[in-house]
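Here is how the chains run, residue by residue.
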Amino acid sequence: MIVDLIHNRQLLLAFLERGFKTKYKNSYLGIFWSLLNPLANVLIFTLVFTVFIKINIKEYPLFLLCTILPWTFFHAALTNGLVSIVEDAHFVKNAAFPTAVIPFAVVGVNLVNFLLELLMLMPVLIVWGNGISTAWIFLPLLIFLQTLLVAGLTLLAAALFVFLRDLNFIMHLGLRLFFYIVPAVYTIDFVPKHLRFFYFLNPLAVLIDGYSSILMHGHAPSLSWLSFTTVEIVLITYGCALLFKKMRFSIAERI
Amino acid sequence: MPYEPAIRVEELSKEFTVILEPPLTLQKGLYNFVYGKNNSLRLWALREVNFLVSKGEALGIIGANASGKTTLLRIIAGIYQPTRGKIFSSGKIAVSLELGAGFILEFTGRENLYLYGAIFGLTRRDTALKIPQIQEFSELGDFLDAPLRQYSVGMRMRLAFSFAVNFAADILLVDEMLAVGDTAFRRKCLDKLKEVKKQGTTLLLVSHRPEEVAEVCTRAIMLHKGSIHLQGNVSEVLSAYESMQGAVK
């Protein structure tokens, strides 16, 4: 399927272009609108966890920015990607092309969004945070791993949604809860030591902890956990791709 | 003179599972599983279809509604997989099925053409080279750079068909595309199809209008409830079709 994709990069580019144009065409400040969601989250959580419940995390809003941006990438890609194939039913039904391109384009658009947001975060970190450090060398790896995970899950979700049309309710609920078992609004220190092992079995937890580690504290993420997570992500993505392959031809018929 | 078949269909059968109360959801699926109910129907859309199309030939496919014509085209185009049997085809296939349905209204005609080009395997540069032809054929002129939202339905269909017919594929599958457009445009489309045939493109034309099939095609097959009822020379098949349709009345 990777070969397929490279072969079809024109198609992927065309869908990416469509994604960007649709997202930003009507609004001049398009990119800033997509920042609004994470910023609103930062605001609300800062209010709750520094004014109401006084959680002991230094520079809480900055910490939140570092964790919510990767979370938003994950969340947006999955929720938009879930419905992407069904929304493009007319293409899938009337032309023969690799359907995987559709959810991948959604992931691509959200990835670029995420990268732009990170770019905008950099000056904020330099002024208010710890600035750029050597640990940042791990950042591309984290981004790559996260993209792989997101791509695999989105691909599978998009295909499943064709067959099971109530998946969106399940997914929205699941994501809402999943948000709380990654270290996004709290740091890993808050997880009791004896539970930490199980906690880190969740690849996204490791990744998000990695982001806050690098961006906030300038520490490299734990390499042992990172390697374990890498293996997990490769397996998950591979599994998703296999399942997608099985469903691929039935999609056009069911849509 | 040996004819190399451009398309060979062997014992092609296609079965569909139709959900009786769509859409299927996880909730319904679990319910059905627990209570042993089944809300789906399996039906055969095509049964043991066999035919050959030579390179450069134009074959008409006619039949009543739901006889399997569109399913057949979709399988040849690679959109559906056969349940049984095989399909062989050589060369690039361009399909024109419900083509205008995927237009993005916010985009201009030109931008939509680039998207469609990519879907059918053209690079951006290839599509750019074709755009003048398409623009001219569709008679849309400057409208090409206006958002599709501003087009009338007829204009959109003209754009869709102009794209398909100027595609220069080895095999062109057309599904009732000629059902739209005014008489003048339809005449233009028929002439263009004949021209395309002369250039060596193999043509499969599905139509409900016998006069159009007669004009463009040399052979035809008649499908009835998924199997080929008759295959042969265009005039024979068409008169058989017409008498069948007449008999129903």
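Residues numbered from 1 in each chain as written. Chains lettered and ligands numbered in written order. Predicted model: local features only at pLDDT ≥ 70, side-chain atom pairs only at ≥ 80, totals over all residues. Heavy atoms only, no water.

Each helix and strand in chain A was counted, giving twelve helices and zero strands. Computed over its C-alpha atoms, the radius of gyration of chain A comes to 19 Å, within 12% of the 18 Å expected for a compact globule of 255 residues. Overall, chain A is about 55 × 45 × 35 Å in size when its C-alpha atoms are taken along their principal axes. Split into buried and exposed, the 255 residues of chain A put 53% on the buried side. Sequence separation of at least 24 residues holds for 80% of the intrachain contacts in chain A that already meet a minimum separation of 6. Carbon and sulfur atoms form 72% of the exposed surface of chain A, whose accessible area is close to 12400 Å². Here chain A contributes 16 positive and 11 negative side-chain charges, whose respective centroids are spaced 2 Å apart. (Helix = DSSP H or I, 4+ residues; strand = E, 2+ residues; numbered from the N terminus. Rg over C-alpha atoms; globule rule 2.2 N^0.38 Å. Buried < 20%, exposed > 50% of the residue type's maximum accessible area, 1.4 Å probe, protein only. Contact = heavy atoms within 4.5 Å. Areas by Shrake-Rupley, 256 points an atom, 1.4 Å probe, with all protein chains shown as cover. Lys, Arg positive; Asp, Glu negative; His and termini not counted. Charge placed at Lys NZ, Arg CZ, Asp CG, Glu CD.)

Residue position: Thr147 of chain A is located in helix α8 (residues 139-163). Setting aside anything within four residues of it in sequence, one finds Thr147 of chain A in contact with Phe73, Val107 and Leu111 of chain A.

Moving on to the interface of chain B and chain A. A common measure of how large an interface is: the accessible area buried when the components associate. Tallying the contact residues gives 31 residues for chain B and 26 residues for chain A. Of the roughly 2500 Å² buried at the junction of chain B and chain A (both faces included), carbon and sulfur atoms supply 63%. Taken together, chain B and chain A are joined by three salt bridges. For the salt bridge of Glu253 of chain A with Lys14 of chain B, the shortest nitrogen-to-oxygen distance reads 2.8 Å. Of all elements in the fold, only β1 (5-19), α1 (26-35), α2 (69-77) and α3 (109-119) of chain B reach the threshold of two or more residues within the side of chain B that touches chain A. Ranked by residue count, the leading element in the side of chain B that touches chain A is α3 of chain B, at five residues. Its residues assigned to classes, the side of chain B that touches chain A comprises 18 nonpolar, seven polar and six charged. (Buried area = accessible area lost by both parts, 1.4 Å probe. Salt bridge = Lys/Arg side-chain N within 4 Å of Asp/Glu carboxyl O. Nonpolar A, V, L, I, M, F, W, Y, C, P; charged D, E, K, R; others polar.)

In this structure the tally under the stated criterion is zero disulfides over all chains. Here Cys217 of chain B is not disulfide-linked; the sulfur of Cys189 of chain B is the nearest cysteine sulfur, at 14 Å. (Disulfide = S-S within 2.5 Å.)

For the rest of this paragraph, the subject is the pattern of salt bridges. Taken as a whole and assessed by the stated rule, the structure comprises 16 salt bridges over all chains. Between Glu111 of chain B and Lys21 of chain A there is a salt bridge, and its shortest N-O distance comes to 3.3 Å. Of the two residues, Glu111 of chain B is situated in helix α3 and Lys21 of chain A in helix α2 (residues 9-24); the pairing between them involves two chains. Since its relative accessible area comes to 23%, Lys21 of chain A is described here as partly exposed. Arg158 of chain B is the salt-bridge partner of Glu139 of chain B, the closest N and O atoms lying 3.8 Å from each other. Of this pair, Glu139 of chain B sits in the loop between α4 (124-138) and α5 (153-165) while Arg158 of chain B sits in helix α5, and the two are 19 residues apart along the sequence. Connected via shared salt-bridge partners are Glu17 and Lys21 of chain A together with Glu111 and Arg124 of chain B.

Here we take up helix α7 (residues 101-128) of chain A. Between the first and last C-alpha of α7 of chain A there are 40 Å, a value that for 28 residues agrees with the 40 Å anticipated at 1.5 Å per step. The sharpest bend along α7 of chain A measures roughly 25 degrees and falls at Leu121 of chain A, with the proline Pro123 of chain A sitting one to four residues further on. (Expected span 1.5 Å × (residues − 1). Bend = angle between axes of the 7 residues up to and from the residue.)

Residue and element names in this part refer to chain B. Strand order across the open sheet formed by three strands is β2-β1-β4, with antiparallel pairing between neighbours. Only two strands of the sheet have a single neighbouring strand rather than two, namely β2 (40-54) and β4 (84-89). Geometrically, the sheet is characterised by an average inter-axis angle of 25 degrees between neighbouring strands, direction not taken into account. (Pairing = 2+ DSSP bridges. Axes fitted to C-alpha atoms, helices over the stretch in contact; angles between N-to-C directions.)

Attention now goes to the confidence of the model for chain B. Confidence in the prediction of chain B, expressed as mean pLDDT, is 82, and 94% of residues score 70 or more. Interface confidence for the predicted complex, given as ipTM, is 0.83, next to a pTM of 0.88. (pLDDT = per-residue confidence, 0-100.)

We now examine the packing of helix α11 (residues 203-217) of chain A against helix α12 (residues 223-254) of chain A. Angle between the axes and distance between the axes are the two parameters that describe a pair of packed helices. All names here are of chain A. Following both chains from N to C, one finds α11 and α12 inclined at 135 degrees, their axes separated by 9 Å at the closest point. When the axis of α11 is compared with that of α12, the two are oblique. At the point where α11 passes α12, the crossing takes the left-handed sense. Facing Pro203, Val206 and Leu207 of α11, the residues of α12 in contact are Trp225, Leu226, Thr229, Glu232, Ile233 and Ile236. (Parallel < 35°, antiparallel > 145°, perpendicular 65-115°, else oblique. Left-handed = near helix turned anticlockwise from the far one by under 90°.)

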